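Examination of the molecular architecture
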Amino acid sequence: MEHSFPVRTLVDLHGRAHPLDARLALEVLPDDPGGNGPSLRYGPYLAALAEFLTLDAGAPLRSALAVCPGRAFPSEAIEKLDITSVKHGAFYHVACARVRVAGADFSFAVNAAVRPEQQAILENEFHLLEDLLRTTGLPYLPRPCLLGKTIYRDRQNPSLALGLSVLEWFEDFHEFHLSMRDADTPPDVKVWTPADSNLFLDAGRTELLYGNAAAILTAYFDMKTYKQVYPWHHAAGDFVVRLSGTELDVRLIAARDYRCPASFGSGPEDRWIPIIHFFLNLTLRMRLDRLDGTGEPVWANAAILNGVIGGFVRAWEEKVKMVPGLPSAGEIIEVLRSFDRQEWLALGSVVIPQGMIEHSEIPFLEERLAAHISELMPTLSGGGFDRAAARIRIYSQDCRQG
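Residues numbered from 1 in each chain as written. Predicted model: local features only at pLDDT ≥ 70, side-chain atom pairs only at ≥ 80, totals over all residues. Heavy atoms only, no water.

Things to note about the sheet that holds strand 4 (residues 93–101)
The strand order 2-1-3-4-5-7-6 describes an open sheet built from seven strands, whose pairing is mixed. Across the chains shown, the open sheet's two edge strands, defined by having one partner strand only, are strand 2 (16–19) and strand 6 (144–152). For this sheet, the mean inter-axis angle between neighbouring strands, taken without regard to orientation, is 30°. When strand 1 (residues 7–13) meets strand 3 (residues 78–88), the two strands line up parallel, connected through five bridges. Bridging across to strand 3, Val11 finds its partner in Ser85. Along the sheet, helix 4 (residues 116–136) makes contact with strand 5 (104–113), strand 6 and strand 7 (160–168), crossing strand 6 at roughly 165°. (Pairing = 2+ DSSP bridges. Helix = DSSP H or I, 4+ residues; strand = E, 2+ residues; numbered from the N terminus. Axes fitted to C-alpha atoms, helices over the stretch in contact; angles between N-to-C directions. Contact = heavy atoms within 4.5 Å.)

This is the structure we're talking about:
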């Protein structure tokens with residue numbers, strides 16, 4: 001059945017959406033994710049997405065709408081659809097599908113995987129998002145809506161199958177990375193917004209940003225299995241932020257795996273080891289990024305540690321309410337304060353390789369471990385992270401969306 005609503009296709013270039021024209025339609029998408037795959041062109045790529053979403057008078061759209069808003073719409077309620085190519089990551093291409101229904105706009109991320117191994121990753125992540133939503137109820141990851149396939153067609157690839165996943169799109173959230181404000185100062189956090197191409201956060205909002213990101217990862221840390229959302233990386237744009245005055249909200253847009261990065265004992269006394277391992281790895285990796293997302297490795301200022309520790313504390317306080325027998329956040333901080341410099345360095349020498357995501361990170365982190373410990377210890381002894389924790393938003397059990 002044909003659809004009765006108009007469909008526009010667009011391409012996001014440097015933060016601005018351009019309607020697809022004859023010239024853009026022939027351009028090749030930036031670097032096939034993962035490399036060594038067939039090159040895709042914007043025209044047939046966006047046509048393949050449109051073909052899938054508009055099948056049977058927009059049945060896939062109605063299925064996605066039924067999952068996210070919690071209600072179904074008749075086909076005639078769909079008024080229009082815009083599909084914008086926005087990002088090209090290591091595993092799949094990302095488009096935003098914005099559909100207008102009964103006068104309201106709803107947006108979805110449409111991820112397209114080309115090669116079979118990439119499609120397997122896409123499907124695994126979709127099912128993992130389903131599992132995490134069911135078992136935790138936490139709202140920090142996108143809600144999974146729909147899995148499917150479509151056919152990409154052009155002269156070079158007359159019938160190329162693309163794996164698709166349709167997820168909740170976090171509206172008005174933007175990617176951020178460490179960037180150079182000027183040549184004479186260390187890198188600061190720059191938020192990629194269409195309205196302002198040079199939006200750097202001040203120190204207060206930077207601390208809050210990293211604190212919320214740390215709280216999210218801590219909230220998903222399972223104290224029975226020690227599993228966590230891992231791997232994640234700032235350089236991949238895995239966290240996004242929405243700004244509102246001096247406040248902000250943070251979300252995690254990917255969950256490629258949910259696992260324990262090391263082997264730990266199962267006895268009651270052994271639980272301290274994974275807690276300490278998680279904490280130290282969190283403080284290290286929160287500081288790691290690539291310049292503007294794709295450049296050389298860069299290191300965030302130690303000032304963010306108040307936020308990172310505050311986020312851990314705030315999320316742990318909520319965790320203690322739901323998991324009887326866990327040590328309190330205060331008890332954990334006291335244990336961490338008891339470690340001397342050599343004990344921290346010994347822990348770091350183990351945590352860095354076990355938490356590795358890219359092999360090239362190891363020498364970069366090892367070079368900075370001693371300085372990191374010198375900055376972490378006084379931060380743990382001070383009270384700045386308590387003030388940071390009070391500002392961080394974390395959902396309680398009553399606020400969770402099932």
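Moving on from the coordinates now.
What to know about unusual backbone geometry
Here the residue pair Tyr230 and Pro231 is connected by a cis peptide bond, since its omega of 10° sits within 30 degrees of zero. By the element assignment, Pro231 lies in the loop between strand 11 (228–229) and strand 12 (239–244). The backbone of Asp56 shows a phi angle near 50°, a positive value even though the residue is not glycine. As for its placement among the helices and strands, Asp56 is situated in helix 3 (residues 55–67).

A word on the pairing of strand 8 (residues 174–179)
Taken across its six residues, strand 8 has five buried, putting it largely inside the fold. Across two bridges, strand 8 lies against strand 12 in antiparallel orientation. Across the sheet, the residue bridging to Glu175 is Val240, located in strand 12. Note that strand 8 and strand 9 (residues 188–191) share four bridges and pair antiparallel. Note that in strand 9 the partner of Phe176 across the bridge is Val191. (Buried < 20%, exposed > 50% of the residue type's maximum accessible area, 1.4 Å probe, protein only.)

Quick look at the packing of helix 6 (residues 272–285) against helix 9 (residues 341–354)
Packing of helix 6 against helix 9 leaves a shortest axis separation of 10 Å and a crossing angle of 75°. Between helix 6 and helix 9, the angle is such that the two are roughly perpendicular. Contact with helix 6, carried on its side by Ile276, His277, Phe279, Leu280, Asn281 and Leu284, involves Trp344, Leu347, Gly348, Val351, Ile352 and Gln354 of helix 9 and no other residues of that element. For the contact of helix 6 with helix 9, a count of residues per class yields eight nonpolar, four polar and no charged. (Parallel < 35°, antiparallel > 145°, perpendicular 65-115°, else oblique. Nonpolar A, V, L, I, M, F, W, Y, C, P; charged D, E, K, R; others polar.)

Digging into the packing of aromatic side chains
Applying the stated criterion across every chain, the model contains eleven aromatic pairs. Taking 5.7 Å as the distance between ring centres and 55° as the angle between the ring planes, the aromatic pair formed by Phe170 and Phe173 counts as tilted. On the basis of relative accessible area, Phe173 is assigned to the buried category, the value being 11%. Aromatic pair Phe221 and Phe278: ring centres 4.3 Å apart, planes at 5°, arrangement stacked. Highlighted residues: Phe221 in the loop between helix 5 (203–219) and strand 11 and Phe278 in helix 6, separated in sequence by 57 residues. Accessibility expressed as a relative area gives 4% for Phe278, which makes it buried. Chaining the aromatic ring pairs together yields one cluster made of Phe221, Phe278, Phe279, Phe312 and Trp316. Residue placement shows Arg251 over the ring face of Phe170; its charged tip is 5.9 Å from the ring centre. (Phe/Tyr/Trp six-rings, centres within 6.5 Å; stacked < 30°, edge-to-face > 60°. Lys NZ or Arg CZ within 6 Å of the ring centre and 35° of its normal.)

A few points about helix 5
At 3.6 residues per turn, the α-helix brings residues three or four places apart onto the same side. Compared with the 24 Å implied by 1.5 Å per residue over 17 residues, the 24 Å span of helix 5 between its first and last C-alpha is a close match. Within helix 5, 14 of the 17 residues are buried, which leaves it mostly tucked inside the rest of the structure. For helix 5, the N-terminal cap is Asp202; the gap from its side-chain oxygen to the backbone nitrogen of Gly204 is 3.3 Å. (Expected span 1.5 Å × (residues − 1). Polar contact = N/O pair within 3.5 Å; in protein donor to acceptor, adjacent residues only side chain to side chain.)

Describing helix 9
Between its first and last C-alpha, helix 9 extends 20 Å over 14 residues, near the 20 Å set by a 1.5 Å rise per residue. All buried positions along helix 9 are accounted for by Trp344, Gly348, Val351 and Ile352. For helix 9, the elements touching its buried residues are helix 6, helix 8 (329–337) and helix 10 (361–381). Where helix 9 begins, the side chain of Asp340 points an oxygen toward the backbone nitrogen of Gln342, at a separation of 3.2 Å.

Let's talk about the side chain of Arg256
Topologically, Arg256 is positioned in the loop between strand 13 (247–252) and strand 14 (258–259). Of the polar contacts made by the side chain of Arg256, one reaches the side chain of Asp238; its length is 2.6 Å. Discounting chain neighbours no more than four positions away, the residues touching Arg256 are Phe91, Asn124, Glu125, Leu128, Pro231, Trp232, Ala236 and Asp238.

Some points on the pattern of salt bridges
Two side chains with opposite charge may pair up if their charged atoms get near one another. Counted under the stated rule, the structure contains 21 salt bridges. Linking Asp105 and Arg100 is a salt bridge whose minimum nitrogen-to-oxygen distance equals 2.8 Å. Between Glu317 and Arg314 there is a salt bridge whose closest N-O contact spans 3.8 Å. Linking Glu317 with Arg314, this pair stays in helix 7 (residues 305–322), spanning three residues, or about one helical turn. Since its relative accessible area comes to 37%, Glu317 is described here as partly exposed. (Salt bridge = Lys/Arg side-chain N within 4 Å of Asp/Glu carboxyl O.)

Some details on the sheet that holds strand 9
On the basis of which strands lie adjacent, the open sheet formed by five strands has the order 10-9-8-12-13 and antiparallel pairing. Lying at the two open borders of the sheet, with one neighbouring strand each, are strand 10 (199–200) and strand 13. Relative to strand 10, strand 9 runs antiparallel, the two sharing two bridges. In the sheet register, Val191 faces strand 10, and the bridge partner there is Leu199. Most of the contacts of helix 5 go to strand 13, to which it runs at about 35°, and overall it touches strand 8, strand 9, strand 12 and strand 13.

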